[in-house]
Amino acid sequence: MGMSDDLKSIEAQVKEGLEKVQSEEALEELRVATLGRKGQLTALMHMMGKVPPEERPAMGKLANTVRSEVEDAISRRKAELVRDAMARRMAADTVDVTLPGRELSLGTQHLISQIREEIEDIFCGLGYTVEDGPYVETTWYNFTALNAPEDHPSRSARDTFYVVDNAPEGKEAHVQGESDVLLRTQTSGVQVHVMENQQPPIYMICPGKVFRPDTADANHLPQFTQVEGLVVDEGITFGDLKGTLDYFCREIFGKDRATRYRPHFFPFTEPSCEVDVSCGVCGGKGCRFCKNTGWLEILGCGMVDPNVFQYCGIDPEKYTGFAFGIGVERVAALRYDLPDLRMLMTGDMRFLNQF
Ligand code: DAH
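Residues numbered from 1 in each chain as written. Predicted model: local features only at pLDDT ≥ 70, side-chain atom pairs only at ≥ 80, totals over all residues. Heavy atoms only, no water.

## Here's the deal with the overall build of the protein
Here is the rule: Strands here are runs of E lasting at least two residues and helices are runs of H or I lasting at least four, both read from the DSSP assignment and numbered beginning at the N terminus. Our radius of gyration is a C-alpha quantity, and the globule rule it is checked against amounts to 2.2 Å times the number of residues to the power 0.38. Buried means the residue's accessible area, taken with a 1.4 Å probe over protein chains only, is under 20% of the maximum for its type, while exposed means over 50%, and partly exposed covers the values in between.
Looking only at helices and strands, the protein has 11 helices and 10 strands in total. Computed over its C-alpha atoms, the radius of gyration of the protein comes to 43 Å, more than 25% above the 20 Å expected for a compact globule of 355 residues. Each of the three principal axes of the protein carries a C-alpha extent, and together these read 135 × 55 × 40 Å. Going through the 355 residues of the protein one by one, you find that 41% of them count as buried.

## Here we look at the site of the ligand
What counts, and what does not: One heavy atom within 4 Å of a molecule or strand makes the whole residue count as near it. Any pair of N or O atoms that falls within 3.5 Å is considered a polar contact. Within protein, one atom must be able to donate a hydrogen and the other to accept it, and sequence-neighbouring residues count only if both atoms are side-chain atoms. In these tables, accessible area is a Shrake-Rupley quantity obtained with a 1.4 Å probe, and a residue counts as shielded only by the protein chains included in the view.
Neighbouring the ligand are 15 residues; Gln186, Ser188, Arg212, Gln226 and Glu228 lie closest to it. A distance of 2.8 Å separates an oxygen atom of the ligand from a polar side-chain atom of Arg212. Out of a free accessible area of 350 Å², the ligand has 90% covered by protein chains. Listed by contribution, the elements that provide at least two residues to the shell around the ligand are strand E6 (223-233), strand E9 (295-304) and strand E10 (320-327).

## Describing the side chain of Arg257
What counts here: Charged residues are defined here as Lys and Arg on the positive side and Asp and Glu on the negative side; His and the ends of the chain fall outside this count. The salt bridge definition used is simple: a Lys or Arg side-chain nitrogen within 4 Å of an Asp or Glu carboxyl oxygen. Contacts between residues were defined by any pair of non-hydrogen atoms, one from each residue, lying within 4.5 Å.
By the element assignment, Arg257 lies in the loop between helix H8 (238-253) and strand E7 (259-266). For Arg257, which is buried and forms no salt bridge, the nearest opposite charge comes from Asp337, at a distance of 5.4 Å. A polar contact is formed between the side chain of Arg257 and the backbone oxygen of Ser278, at a distance of 2.8 Å. Beyond its immediate sequence surroundings of up to four residues, Arg257 is in contact with Val277, Ser278, Cys279, Gly280 and Leu334.

Below, the structure written as structure tokens:
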């Protein structure tokens, strides 16, 4: 077999190989096997020296033609493979540009935060400041300086979460008296912080979380929200308390809801009251929601006990004041007739999206 047959047979082989090749990698292998340094065609070209001189020009021409044909065929096949691969990718990642985009949900504030802010707005409008206090308190701020006697039941570990700071190993049971540190059960302790740090006139509210070892049920949550209020100034009377809280109730519940002041006891106020708002479900006639009383309890309040002033270094001969504590979850429940406070804690979007 002469060189020209070899050249033709390589050309034919490459053309056949090209039809079978299905990937760019396989194509590259075929190219290297033919045109690479050790490729078949390259080897044949190297043997040109052995061709008799008179045949050399014709053979050289044929070799060059075969070589450029082979190169062209390979590059055509390469273009085809690239195009096919692109077509396959396009078919796989089809994007329907007519589909509506994904809506980004901005979310809303939780109902409790909304009401807390509304209460802040009402009192800021009356010139009150908004204060803050620690969740982890000492018995001094949560009880003692608020005039709670040493044996007051609310101090017991049944009613207060004690943070064990100094209990001996193995005795971490929350036993009264073993720990001086607790999770605040009320925001009233902030009254003490504020009076320690500021001189009257004081007109402040303090919204925040409080904690009690209660099992969650329709009317109780182990963690809930209060807004404390404190006014200390010269000549403050019960009339100021009543005028302020009536105004608050009308703003938050609407003008058609009545209020009533029921005598009660709190250690830090004297006299003390609980304030009820007329039931929004039955309009005050009595129903299941208000347990047939026509009224729903909304806050505690009273005139600041002179003992508290004394504990905080404020002259009770010069100043008088009133204080109040509003349950924010209760406000939410009463305003929207919520049958169960736990709805506020479960994070159920079907419920929360309504507000
Ligand atoms: N701290 C009371 C509670 O948690 C609420 C309260 C009642 C706050 C009377 C006050 C007040 O400031 O004067 O039940």
